[in-house]
Amino acid sequence: MSSDLDVFVGNTTLIDEEVYRLWLDGHSVAEAVARRLRGGVLEREGTSVAVLQSDTRDHYRTFQMLERLLHAPPRLLQQLLFQIPPERQALLVQRYYAFDEALARELLGKKLSKGTKKELDEVSARTGVGIRSCRRQFDNFKRVFKAVEELRGPLAENIQQLFLLPPALARDYAAIVFFANSRFETGKRRLQFLSFGDFAACAQSMMAHWSQGALAPEAAEPDGDLPKSFLQDLKELKVLVSDKDLLDQHKRDTSGMGVPVLGGPGFGGSLGGGVPALSRALVNVGGKLTHARDVRDFFVDLVEKVIEPCRSDKWSPGDLRLFLTHYTAAPRNLPGFRHQALWERYMAAISACLLRMYHD
Amino acid sequence: MPGKLKVKIVAGRHLPVMDRASDLTDAFVEVKFGNTTFKTDVYPKSLNPQWNSEWFKFEVDDEELQDEPLQITVLDHDTYSANDAIGKVYIDIDPLLYSEAATVISGWFPIYDTIHGIRGEINVVVKVDLFNDLNRFRQSSCGVKFFCTTSIPKCYRAVVIHGFVEELVVNEDPEYQWIDRIRTPRASNEARQRLISLMSGELQRKIGLKVLEMRGNAVVGYLQCFDLEGESGLVVRAIGTACTLDKLSNTSAFLPACNSPSKEMKEIPFNEDPNPNTYSSGPSTPLKNQTYSFSPSKSYSRQSSSSDTDLSLTPKTGMGSGSAGKEGGPFKTLLRQQTQSALEQREFPFFTLTTFPPGFLLHVGGVVSARSVKLLDRIHNPAFVGIMGNTRSYKLLDWNSFNSDEPETRDAWWAEIRQEIKSHAKALGCHAVVGYSESTSICEEVCILSASGTAAVLNPRFLQDGTMEGCLEQRLSWQPGFFSIGSEKGEVDFFPQSQDSSSLLGIEEASPPGCGFCHIPYDELNMPFPAHLTYCYNCRKQKVPDVLFTTIDLPVEAIVVGKGCLIQARLCRLKKKAQAEANATSISNLLPFMEYEVHTQLMNKLKLRGMNALFGLRIQITVGENMLMGLASATGVYLAALPTPGGIQIAGKTPNDGTYEQHISHMQKKINDTIAKNKELYEINPPELPEEIIGSPIPEPRQRSRLLRSQSESSDEVTELDLSHGKKDAFVLEIDDTDAMEDVHSLLTDVPPPSGFYSCNTEIMPGINNWTPEIQMFTAVRVSRLSNINPTNQTLNKNFNDLCENLLKSLYFKLRSMVPCCLCHVNFTVALPEDELVQIAVTAVAITYDKNQALQANKAPTEKSQQRASTDNEEQLQFPLELSSDPLSSQPFSPAKEALEGASSHTGIPAAQRATSVDYSSFADRCNSWIELIKLKAQTIRRGSIKTTTSLEKASPLAEGYLRHRSVPSGTNSTVSVVKMTPLSFLPGAKITKYLGIINMFFIRETTSLREEGGVSGFLHAFIAEVFAMVRAHVAALGGNAVVSYIMKQCVFMENPNKNQAQCLINVSGDAVIFVRESELEVLPAPPPAAAAQPAGSAGDVTT
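Please read all numbers here as calculations on a predicted model, not as lab measurements.

Our next topic: the overall build of chain A. Per the secondary structure count, chain A includes 24 helices and one strand. In chain A, which comprises 360 residues, the proportion classed as buried is 52%. Accessible area for chain A stands at about 15,600 Å²; split by element, carbon and sulfur atoms hold 50% of it.

Printed below as a string of structure tokens:
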């Protein structure tokens, strides 16, 4: 005797967290049943495999029907089809939009296109995240990206409003969108030591200091894009390295102000010519940001031109912090340097990024 | 023109994309009522249109208002081609027609399409201005309130319960019209939905007219059903109980009214004959009378009558209640006759109620049922022909008016069955039938009509107009004067129950409420069927049967031992495929055997659980192409008033076989073990003999409960009663062939629910009383294929049994997070949609309860009575205990008694009736501290009563505030208000403050892309969820936050997987209400518990 049809519908929609997790992970009903069996439900509840199968199918059907609504979480709140208590709704959304950092790391800076989606098989193999789950997460990234791409105002807040995500998760999504938008290169070998968290922190600092929303809330451009005028202005900073006088002065001021540390062993020898080199690198990274291709290399440049030299000089993170603090502050005393505000805005994000990235 | 209907279309949201090119929709709305249609402007290119229309006004008469639904159609404007329909909303405006219900319907409604399901939502505001109509000959019945609830609704009191109302309306089914071949499935479905909506409206109006004729103002226990007879048409029929209800607006307002004891006494016309033996002593057993009548055509009619317990025939004549009365005193007879005549004025003294005001139900005889097999294709009604050519294709037919000279109409069929029921009730010495319901099962052209109910003797005062109005209140208020009791000091006045008390009270029989209903109503010497009678174990005065079957809910005042449980009998019978009359004949031949077997199964299972009574019994016989299925569900309980059931003894027929003997004894052992286990599980520790504890306020604890009954001076018949099995009243099962063996095996296959779960099919689980507010209503549907190549009755039985058991198991698993909880009102419906396909639909509610408070709560006033007791009064504690005429058998005082007391005085049971309702069982556990308890209780109750009064005053502004809040256009609020749904008539931990009207909805859903929608399961899952959503939306729009007495009356599912198609029809109903949490009201400090008397073994709650 086989059951052709078997449904259970509650006035309050039943959500089984364990089954939801299995569904999110992309397991088929059969796999989910097998996993639940291994979890020992049978022994705990003294029930039968058939019951477990029927239960799993019911939940899967519910989730499939809910998925459409999860794509636009505010609709989940307004819809009348499923009566779900608010805290359960929040849980559904949060779990649905939660992602594997390993996967997100792989996809950072990539174009969220069909082509990338096709490559998910490899990503799945590399990260150990199930392919169906990979696809769902990829679609989430893409959906969020599309939804906020054109919106003005702070990215994270927009995401939080549109997708009802908790603030931390919304900030992570903002980072993903920011990376996808500017297409930063993150896949190079020399960047492999950086985690998703590192990049997300960088993205947040960059958006916080550089984006237009940071200065004027009614800005015309979306937060995900770096404002063109700002990038244009950054070229002006080249004066710091192109003008010999200013460079020297800057170098002196930096060294002078930070006597105790910068005079220390680490700085004495190798950094003799180091500070100008670093200085040039830091200023040039900014100067190049007007070209889209150079923007992509932003993190590569930072690692190659700043982090690696410092590391080879055995700077401690504290050393770097000290250096950056003084280096940022130094131009205040430079005569004829008119871009103090711009410089500090630029360096605030750069410093934050460097400090976050400066680890093994 | 007595009415103006006003409709405003505010906005839409989440509309589907209708224009692929722009991914947008140009939506507009058509609002139709009767033959008038209005349109909104087109709101271009939006999925969230803001129409904000003017008020569309329909000037209509109230007849139309009652019949017609408001139709709202959302369309997509298309410049070049026809406008595409997005979907529809039908709004029943009936709730706006009575003054006390909703005043406005306003909210978001799902836009429903029969092919696509829900497609977005629309915000609508509907109002009705009614003008007074003084026309006495009007056709409308505006103002008559309808309730699905099968008890007196919580915030009303019954002034008079008038009785049975029924009506039936017939039309042809649009699905079978010739035009259906050329129109789209959508058009056909919509025609059907519209027609049924119209027919329900008309039916309701007609029932309302009947109620007005009876001078009532409400219908309670309203049950409307559809019979989809296919070619021969569509029948919409309804039954209900007409009442005159009074709204309890403010408790304090009516309390002091109208009630001086003297007035009451004057009104009592009769003195009672005090001798209980002189009247109405006799057994009642599981009494079942059935009649099978088969009349496929008017020319042919055969009737057989049988009663299955012992297959004794029920005489159809003689032996009415009059015969029972003839031995009683003349007054008594007079009273009876008066009652009788009051009832007999009515054609059918039936009541669809299952729960009654205390004191209403005097005696219960047993279950009466009648079935009849009819052939549908014989009805070629000329009226149809007339209609076919009619352009107004859905003009309704009133079968009566069209066919007054046609005897074989649906009306006549039902009249015939009701007559049967009435005569069965008479045979049981009862003048009324309560818990009455009717149902049909249709397969092709064969239809089984069934009716069943519980024969009962009722208290006449509720049935009469005028003189006895307000008797409830009178009783309430004169009690305090009558018994002066210093309850706070724990002083108790005992008042001897005697004839004067009963005569003063004017109760027909001075039977204690805890057991009175068990006393047999029929004549002992002239019993309608063989039964074992004993003296009541509670009052020892009157005879009770050994087992009692009923279709009603457990009366509040009933004294129950332990907990109850769901008991089901399941049965399949193969039948040859046949046509027409041959088919009908073979079905009606099978029916008696099925009834008998179902009954035997129920009896065996009841005994296996060590219980002695069934409540809420519902037997469905479903007819299919090649089989019949029987499913009986009931809630088994142990009534303290009835004797302890004997065990089940197995007897072999071939005694000389050694191994066989061994096998038998093995089985016997298993059965005995099961009984013992069940007794433990359901905490059935039958009460000790009251004699044993007389004079010892601190008795030995519970070990005694298993003691044999040693002596009983009040009755010889019970002296030898033994709790172990195998004594004289044991039930003997003879095993003479393998079939019987199978039966015994199948008895043992019922698995008890996992720990933490209980289940019942009544409103309330006896023995659980500390409900917490969490509820989960659900519907589960299963369709299974019985894939045997050569099915036999045995294999089918087994399959069917497994199907039900697995379904239950699956429910327990699903709801495991709610443990400890109880599945209440478990309602199984079986259908046989095709050969070998069995469809089972279950609707029930899981309610959590607090295990830890079990013990404490046992001692507090009962929830159920609280629920009912919307009345409150200044009563103090009274303990009018009985010092029965025989001093030796006088009953001990028990604290639980006082709980009952408090509760019952709330509900207005006269004290004398309560006098003997002592719960022996709880005595042992609680006697030690009873005085403390009394003190405590006295305070609790007094506090409770004061608070209730104040909180009630608070309640209405609260509800009003809620309403006001609700009626603010909800376009802006983003969160959806929660609407609870429950098949019960109440919500645990909450107080219903207002009834907003009846919800009665019919939906059809069809798909031609079954696979794409997730197969049959996906399709039905979505549809049921949609139905829930639409019910919730309507309730929310009425300003309500719950549906009570929710029922899914029909779920017809058809599929054609080869064509990738499926269709489903669902009909649901319930009462929309506003409830307020008791915690918000700050009513009672302790959670109110349930059944009136908490039985022994309450301590077990903690330990288990």
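Let us now look at the sheet that holds strand β12 (residues 234-247) of chain B. Residues and elements named next belong to chain B. The strand order β9-β11-β12-β10 describes an open sheet built from four strands, whose pairing is mixed. Two strands in the sheet have a free side with no partner beyond their single neighbour: β9 (145-146) and β10 (156-171). In this sheet, strand β11 (residues 218-228) lies alongside β9 in parallel orientation, the contact comprising two bridges. Considered in β11, the bridge of Phe146 is made with Val219.

As a rule of thumb, nonpolar side chains are buried together in soluble globular proteins. Ranked by internal contacts, the top residues of the largest apolar core, which has 270 residues, are Ile159 of chain A together with Leu70, Ile122 and Leu639 of chain B. With 15 residues, helix α22 (residues 1015-1037) of chain B is the largest single contributor of residues to this core. Ranked by size, the runner-up nonpolar core spans 31 residues in total, among them Phe778, Ala780, Phe800 and Met818 of chain B.

All names here are of chain A. Considered for burial, the residues of helix α9 (residues 120-127) that qualify are Leu120, Val123 and Ser124. Buried residues of α9, viewed axially, fall in a sector of 100 degrees; they line one side. Away from its buried face, by an angle of more than 90 degrees, α9 presents the exposed residues Glu122, Ala125 and Arg126. In the core, the buried residues of α9 are packed alongside α7 (101-107), α8 (114-118) and α10 (131-148). Of the residues trailing α9, Gly128 is marked for its positive phi of about 75 degrees.

Another aspect to go through is the packing of aromatic side chains. The full count for this structure, using the stated rule, is 48 aromatic pairs over all chains. An angle of 15 degrees between the planes, with centres 5.9 Å apart, marks the rings of Tyr20 of chain A and Trp23 of chain A as stacked. With Tyr20 of chain A and Trp23 of chain A both in helix α1 (residues 17-24) and three residues apart, this pair spans about one turn of that helix. Of the two residues examined, Tyr20 of chain A and Trp23 of chain A, each falls in the buried class. Ring centres of Trp771 of chain B and Tyr849 of chain B lie 6.2 Å apart, and the angle between their planes is 85 degrees; on these two criteria the pair is classed as edge-to-face. Taken together, the positions of Trp771 of chain B in strand β27 (residues 771-785) and Tyr849 of chain B in strand β29 (residues 837-849) put the pair 78 residues apart, joining distant regions of the chain. Of the two residues examined, Trp771 of chain B and Tyr849 of chain B, each falls in the buried class. One aromatic cluster in this structure is built from Tyr20, Trp23, Phe63, Tyr96, Tyr97, Phe99, Phe141, Phe163, Tyr173 and Phe196 of chain A.

Further remarks concern empty space enclosed by the protein. Residue and element names in this part refer to chain B. Of the volumes computed, that of the largest cavity is approximately 440 Å³. The wall of the largest cavity is formed by 31 residues, among which Tyr90, Asp92, Ser197, Asn1000 and Met1001 lie closest to the centre. Secondary structure elements with two or more residues in the lining of the largest cavity: α1 (62-67), β6 (84-91), β7 (105-113), α2 (185-213), β31 (990-1007) and α22. When the residues that make up the lining of the largest cavity are grouped by side-chain class, the tally is 18 nonpolar, eight polar and five charged.

Here we come to the interface of chain A and chain B. A common way to report how large an interface is uses the accessible area buried once the components associate. Across the contact, 35 residues belong to chain A and 54 residues belong to chain B. Buried surface at the junction of chain A and chain B, both sides included, amounts to about 3,900 Å², of which 58% is carbon and sulfur. Seen at the junction of chain A and chain B, the total is four salt bridges. Between Lys814 of chain B and Asp55 of chain A there is a salt bridge whose closest N-O contact spans 2.8 Å. Taken together, the connections running from chain A to chain B amount to 22 residue pairs in polar contact (both at pLDDT 80 or more). Secondary-structure elements contributing two or more residues to the side of chain A that touches chain B are β1 (2-10), α3 (41-45), α4 (49-70) and α5 (73-78) of chain A. Of the residues contributing to the side of chain A that touches chain B, the split by class is 14 nonpolar, 12 polar and nine charged.

Looking now at the side chain of Ser46 of chain B. Residue and element names in this part refer to chain B. Following the sequence through the fold, Ser46 ends up in the loop between β3 (36-39) and β4 (55-60). We classify Ser46 as buried; its relative accessible area is 12%. A polar contact of 2.8 Å, which involves the side chain of Ser46, links it to the backbone nitrogen of Asn48.

What follows covers the confidence of the model for chain B. Residue and element names in this part refer to chain B. In the predicted model, chain B carries a mean pLDDT of 70, and the fraction of residues at 70 or more is 62%. With pLDDT under 50 throughout, residues 250-335 is counted as low confidence; its partners more than four residues away or in other chains account for 253 contacts. Taken together, the chains of this predicted complex give a pTM of 0.78 and an interface ipTM of 0.87.

Let us look at the pairing of strand β17 (residues 446-458) of chain B. Residue and element names in this part refer to chain B. With 13 of 13 residues buried, β17 is to be regarded as a mostly interior element. Inspection of the sheet shows strand β15 (residues 361-375) paired to β17 by 13 bridges, in the antiparallel sense. From the neighbouring strand, Val368 faces β17, where its bridge partner is Gly453. Pairing geometry for strand β16 (residues 432-443) and β17, over 10 bridges, is antiparallel. Bridge pairing links Ser439 to Ser450 in β17. Hairpin connection between β16 and β17: a loop of two residues separates the two successive antiparallel strands, and Glu444 in this loop has a positive phi of roughly 50 degrees.

Basis of the calculations
Residues numbered from 1 in each chain as written. Chains lettered and ligands numbered in written order. Predicted model: local features only at pLDDT ≥ 70, side-chain atom pairs only at ≥ 80, totals over all residues. Heavy atoms only, no water. Helix = DSSP H or I, 4+ residues; strand = E, 2+ residues; numbered from the N terminus. Buried < 20%, exposed > 50% of the residue type's maximum accessible area, 1.4 Å probe, protein only. Areas by Shrake-Rupley, 256 points an atom, 1.4 Å probe, with all protein chains shown as cover. Pairing = 2+ DSSP bridges. Core = buried A, V, L, I, M, F, W, Y, C linked by side-chain atoms within 4.5 Å. Arc of directions from axis to C-beta. Contact = heavy atoms within 4.5 Å. Phe/Tyr/Trp six-rings, centres within 6.5 Å; stacked < 30°, edge-to-face > 60°. 1 Å grid on protein atoms, 1.4 Å probe; cavity = no way out; pocket = protein on both sides within 12 Å on 5 of 7 lines; lining within 4 Å. Points joined across faces, edges and corners; volume = space filled by probe spheres on them. Nonpolar A, V, L, I, M, F, W, Y, C, P; charged D, E, K, R; others polar. Buried area = accessible area lost by both parts, 1.4 Å probe. Salt bridge = Lys/Arg side-chain N within 4 Å of Asp/Glu carboxyl O. Polar contact = N/O pair within 3.5 Å; in protein donor to acceptor, adjacent residues only side chain to side chain. pLDDT = per-residue confidence, 0-100.

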